[in-house]
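# Descriptive structure summary
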Amino acid sequence: MQRLQTKDFGYWLLTKGSNIYLSDGKLPFGTADELALDDKCGMVIGEYQDAPLWLVEEFDDSRNYFSLRDQLILPERIFNLLNRGVALNYFWKTHRFCGVCGAKTQVMTPQEWAVECTQCQHRTYPMIAPSIIVAVRKGDSILLANHVRHREEKIYTTLAGFVEVGETLEQTVEREVFEESGLKIKNLRYIGSQPWSFPNSLMLGFLADYAEGEIAIQPEELNDAGWFRYDAGLPHLPPPGTIARKLIELSQQICADEAQQP
Ligand SMILES: NC(=O)C1=CN([C@@H]2O[C@H](COP(=O)(O)OP(=O)(O)OC[C@H]3O[C@@H](n4cnc5c(N)ncnc54)[C@H](O)[C@@H]3O)[C@@H](O)[C@H]2O)C=CC1
Ligand SMILES: [Mg+2]
Ligand SMILES: [Zn+2]
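Definitions and limits used
- Residues numbered from 1 in each chain as written.
- Chains lettered and ligands numbered in written order.
- Predicted model: local features only at pLDDT ≥ 70, side-chain atom pairs only at ≥ 80, totals over all residues.
- Heavy atoms only, no water.
- Donors = N, O, S within 2.8 Å, 3.2 Å for Na, K, Ca; no water.
- Helix = DSSP H or I, 4+ residues; strand = E, 2+ residues; numbered from the N terminus.
- Near = heavy atom within 4 Å.
- Polar contact = N/O pair within 3.5 Å; in protein donor to acceptor, adjacent residues only side chain to side chain.
- Areas by Shrake-Rupley, 256 points an atom, 1.4 Å probe, with all protein chains shown as cover.
- Nonpolar A, V, L, I, M, F, W, Y, C, P; charged D, E, K, R; others polar.
- Phe/Tyr/Trp six-rings, centres within 6.5 Å; stacked < 30°, edge-to-face > 60°.
- Buried < 20%, exposed > 50% of the residue type's maximum accessible area, 1.4 Å probe, protein only.
- Lys NZ or Arg CZ within 6 Å of the ring centre and 35° of its normal.
- Pairing = 2+ DSSP bridges.
- Tetrahedral: all angles 85-135°; square planar, octahedral: opposite > 155°, others 65-115°.

## Details of the coordination of the magnesium ion (ligand 2)
Here the magnesium ion (ligand 2) is held by Ala160 (O), Glu180 (OE) and Glu221 (OE), and the distances to it run 2.1 to 2.4 Å. Between consecutive donor residues of the magnesium ion (ligand 2), the sequence gaps follow A-x19-E-x40-E. Highlighted residues: Ala160 in strand β13 (residues 159–162) and Glu221 in the loop between β15 (201–212) and β16 (222–229), separated in sequence by 61 residues.

Given below as structure tokens:
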């Protein structure tokens, strides 16, 4: 991280938690002094529209910030780059002091996105919290659940949960599905991943098939869960661009393909 120079230029990413500053719906472009950022610290975290993308250290700012979630409409590469900025900022904010000796840390840039202790040189790298997400299918139906945090919007989505220390991803999927729905699964397949900086997750997406059990929801996590036929008008789903939506659509496609078979 460096003190910005008046003529540093490019696109600028200003974050407040998982919110980002947008001007007319776009990332601001220009020089540090044009954006009144020349007394701040920042660093280049990638390239955006053929110009450097600067991440600025979070500060008390009266501009208008918007949730990163609203940027899912952007191309995947750009959405992921914004996630990088939000997650790095969260990392700095929560690692100002050394976990070994308690002295102040400094951000090591440009060599690495790490913080290093100014006394004992202990280095800490950005913390990423892996979380599985899985669409479970039973014949022509998909398991969808209304999470307690989506109770108001009535969104139905796939099951998800954080990886615990010492688990394989396969174990996490089996444990989370069983804890949240009471079901056993089989035929687990890895599909893909999505950075998810709320504040520092990485979603690892899977498909699975139902093996056995009856739905018994975990009430602390879920409000409702059920089997939804792929072709019968699904409930309100998570927005396009989420890995959850991708897994649901893939499952629908598998159901449709199977229905075509003689
Ligand atoms: N991108 C997408 O399509 C979707 C992303 N998600 C994300 O998946 C993540 C996990 O989903 P949940 O069902 O909430 O997880 P979960 O089933 O593991 O339960 C959440 C609980 O896990 C604990 N926890 C929080 N942070 C943790 C961490 N870093 N490591 C271990 N435990 C932690 C807390 O006790 C929290 O209440 C969330 O960040 C959620 O936003 C969920 C659905 C869709
Ligand atoms: Mg969960
Ligand atoms: Zn130290």
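## Some words on the site of ligand 1
Lining the immediate surroundings of ligand 1 are 18 residues, of which Arg149, Ala160, Phe162, Glu180 and Glu221 lie closest. Within the side chain of Glu180, a nitrogen or oxygen atom sits 2.9 Å from an oxygen atom of ligand 1. Relative to its unbound accessible area of 850 Å², ligand 1 is 66% covered by the protein chains. Elements that contribute at least two residues to the shell around ligand 1 include exactly β11 (129–138), β13, α2 (169–181), β14 (184–196), β15 and α3 (243–260). By residue class, the composition of the shell around ligand 1 is 8 nonpolar, 6 polar and 4 charged.

## A few points about the packing of aromatic side chains
Scanning the entire structure with this criterion turns up 10 aromatic pairs. The interplanar angle of 45° and the centroid separation of 6.0 Å between the aromatic rings of Tyr21 and Tyr65 together place this pair among those described as tilted. Of this pair, Tyr21 sits in strand β3 (residues 19–21) while Tyr65 sits in strand β7 (residues 65–67), and the two are 44 residues apart along the sequence. Each member of the pair, Tyr21 as well as Tyr65, is classed as buried. Each ring, one from Tyr190 and one from Phe206, has its centre 5.5 Å from the other, and the planes form 70°; the classification is edge-to-face. One end of the pair, Tyr190, is in strand β14; the other, Phe206, is in strand β15, with 16 residues separating them in the sequence. Put simply, the rings of Phe9, Tyr11, Phe29 and Tyr48 touch in pairs and so form one group of aromatic residues. Positioned above the aromatic ring of Phe198 is the side chain of Arg69, whose terminal nitrogen or guanidinium carbon lies 4.0 Å from the ring centre.

## Some points on the sheet that holds strand β10 (residues 123–124)
The strand order across the open sheet formed by 3 strands is β8-β9-β10, and the pairing between neighbours is antiparallel. Edge positions in the open sheet fall to β8 (105–108) and β10, since each of these has one partner strand only. Summarising the sheet, strand β9 (residues 114–117) and β10 pair through 2 bridges and their orientation is antiparallel. Bridge assignment links Glu116 to a residue of β10, and that residue is Arg123.

## Some details on the coordination of the zinc ion (ligand 3)
In the first shell of the zinc ion (ligand 3), the protein supplies Cys98 (SG), Cys101 (SG), Cys117 (SG) and Cys120 (SG), at 2.3 to 2.4 Å from the metal. Every donor counted, the 4 donor atoms about the zinc ion (ligand 3) form angles of 97 to 118° at the centre, which fits tetrahedral coordination. Read in sequence order, the donor residues for the zinc ion (ligand 3) give the motif C-x2-C-x15-C-x2-C. One end of the pair, Cys101, is in the loop between α1 (76–93) and β8; the other, Cys120, is in the loop between β9 and β10, and 19 residues separate them in sequence.

## Observations concerning the pairing of strand β6 (residues 51–56)
For β6, the tally of buried residues reaches 5 of 6 residues, placing the bulk of the element in the interior. Inspection of the sheet shows strand β2 (residues 9–16) paired to β6 by 4 bridges, in the parallel sense. Following the sheet pairing, Trp12 is matched in β6 by Trp54. Looking at chain direction, strand β5 (residues 41–48) and β6 are connected through 6 bridges and run antiparallel. Considered in β6, the bridge of Tyr48 is made with Ala51. The hairpin formed by β5 and β6 contains 2 residues between the paired strands, and Gln49 there has a positive phi angle of roughly 45°.

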